[in-house]
Amino acid sequence: MSILVSDTSVLIDLERATLLDDMFLLPFEFAVPDLLYERELAGALGDRLIALGLRVEELTSAELSRATVARRHNARLSVPDTFAFAVAHSRRWTLLTGDGGLRELAIAENVEMHGVLWLFDQFAEGDHVPLDRLHDGLTALFAHPRCRLPANEVRRRLTRFAAPHG
């Protein structure tokens, strides 16, 4: 089973779309680095995610060094983001991120990477979540003031997820 390493932005987006629990219906395992978990998820949300199947991964010394180098060269990336990158890079896992700088680094380093819209596609293609819930969730996410998803891609999916008129 493929393992996807998530940054915090993807988890926040899924929470805003009320689809966070549904993520675990997909045929993947989900992981976050331990530092990201401790800094950004620990508590009720983190406990809920672990109960659903979230893996919390400790970095090896080599991964820690890779994260440090990535941070040194990409000062706008957060430390938790560089940890997520380092785990995905060294273990050849897929990175889930909505962060532009992290996406650029993943592309430069040939790390397979997807964003939250890809997860919406996975929900739809596997019939894991009803289309009306996907439509409502993406509408709520897109309406959020901090949403930076590409409008044309969101509209294309909203049209796809819209209930057929009969």
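**Examining the packing of helix 1 (residues 8–16) against helix 7 (residues 116–125)**
Moving on, step 1. One way to put it is that helix 1 packs onto helix 7 with a least axis distance of 10 Å and a crossing angle of 50 degrees. Of the possible angle classes, the one that applies to helix 1 and helix 7 is oblique. In this structure, helix 1 meets helix 7 at a crossing whose hand is right-handed. Contacts between helix 1 and helix 7 pair Val 10, Asp 13 and Leu 14 from the former with Val 116, Leu 119 and Phe 123 from the latter.

**Observations regarding the environment of Arg 91**
Moving on, step 1. Among the structural elements, Arg 91 can be located in helix 5 (residues 79–91).
Moving on, step 2. With 88 residues separating them along the chain, Arg 91 and Ile 3 place their C-alpha atoms 9.5 Å apart.
Moving on, step 3. Ignoring any residue separated from it by four or fewer positions in sequence, one finds Arg 91 in contact with Glu 57, Glu 58, Leu 59, Thr 60 and Glu 63.
Moving on, step 4. Separated by 2.7 Å, the side chains of Arg 91 and Glu 63 make a polar contact.

**Side note on the sheet that holds strand 3 (residues 55–57)**
Whether parallel or antiparallel, the strands of a sheet pair through hydrogen bonds between backbone atoms.
Moving on, step 1. If you walk across this open sheet you meet the five strands as 3-2-1-4-5, and the pairing is parallel. Strands with a single pairing partner mark the edges of an open sheet, and in this sheet they are strand 3 and strand 5 (113–114).
Moving on, step 2. Sheet analysis places strand 4 (residues 94–96) next to strand 5, joined by two bridges and oriented parallel. Across the sheet, the residue bridging to Leu 96 is His 114, located in strand 5.

**So, the pattern of salt bridges**
Moving on, step 1. Going through the model one piece at a time under the given rule, you end up with 14 salt bridges.
Moving on, step 2. One salt bridge connects Arg 160 with Asp 121, and the closest N-O pair in it is separated by 3.3 Å. With Arg 160 in helix 9 (residues 151–161) and Asp 121 in helix 7, this residue pair connects regions lying 39 residues apart in the sequence.
Moving on, step 3. Taking the relative accessible area as the measure of exposure, Asp 121 reaches 12% and is therefore buried.
Moving on, step 4. Of the charged contacts in the structure, one is a salt bridge between Glu 153 and Arg 156, with a shortest N-O distance of 2.8 Å. With Glu 153 and Arg 156 both in helix 9 and three residues apart, this pair spans about one turn of that helix.
Moving on, step 5. Here the salt bridges share partners, and the residues they tie into one network are Glu 29, Arg 55, Glu 57, Glu 63 and Arg 91.

**Thoughts on helix 6 (residues 100–108)**
Moving on, step 1. When we look at burial in helix 6, the residues that qualify are Gly 101, Leu 102, Leu 105 and Ala 106. For helix 6, the buried positions fall inside an angular range of 140 degrees around the axis, keeping them on one side. The exposed set on the far side of helix 6, more than 90 degrees from its buried face, consists of Ile 107 and Ala 108.
Moving on, step 2. Buried residues along helix 6 sit in contact with helix 4 (61–73), helix 5, strand 4 and strand 5.
Moving on, step 3. Structurally, the start of helix 6 carries an N-cap: the backbone nitrogen of Gly 101 is 3.0 Å from a side-chain oxygen of Asp 99.

**Looking at the pairing of strand 2 (residues 29–33)**
Moving on, step 1. Counting buried positions along strand 2 gives four out of five residues, so the element sits mostly inside the fold.
Moving on, step 2. Two elements, strand 1 (residues 3–6) and strand 2, share three bridges in a ladder whose sense is parallel. Within strand 2, the position partnered with Val 5 by the bridge is Ala 31.
Moving on, step 3. The parallel pair strand 1 and strand 2 is bridged by helix 1, and the resulting crossover is right-handed.
Moving on, step 4. As judged from the three bridges shared by strand 2 and strand 3, these two strands associate in the parallel manner. Of the residues in strand 3, the one forming a bridge with Val 32 is Val 56.

Cut-off values and rules
Per chain, residue numbering runs from 1 following the sequence as it is written. Restriction of local features to residues with pLDDT of at least 70 applies here, the model being predicted, together with a cutoff of 80 or more for giving and counting side-chain atom pairs; totals for whole chains, interfaces and linings are based on all residues. Just so you know, side-chain values use all the structure's heavy atoms and leave hydrogens and water out. Think of each axis as a best-fit line through the C-alpha atoms, taken over the contacting stretch in the case of a helix, with angles from 0 to 180 degrees between the N-to-C directions. Helix and strand assignments follow DSSP, with helices taken as H or I runs no shorter than four residues and strands as E runs no shorter than two, numbered in order from the N terminus. Working definition: roughly parallel below 35 degrees, roughly antiparallel above 145 degrees, roughly perpendicular at 65 to 115 degrees, and oblique for all remaining angles. A crossing counts as left-handed when the near helix is turned anticlockwise from the far one by less than a right angle, and as right-handed when that turn is clockwise. Residue contacts are counted whenever heavy atoms from the two residues lie within 4.5 Å of one another. Side-chain atoms alone can form a polar contact between residues adjacent in sequence; in general such a contact is a pair of N or O atoms within 3.5 Å, and within protein one must be able to donate a hydrogen while the other accepts it. By definition, two strands form a pair when at least two bridges between them are found by DSSP. Salt bridges are counted wherever a side-chain nitrogen of Lys or Arg sits within 4 Å of a carboxyl oxygen of Asp or Glu. Three labels apply to residues, based on accessible area from a 1.4 Å probe with only protein chains included: buried if under 20% of the type maximum, exposed if over 50%, partly exposed otherwise in between. Throughout, the arc means the angular range of directions from the helix axis out to the C-beta atoms. Every crossover in which the path from the first strand over the helix to the second runs clockwise, viewed with the strands pointing away from the viewer, is termed right-handed.

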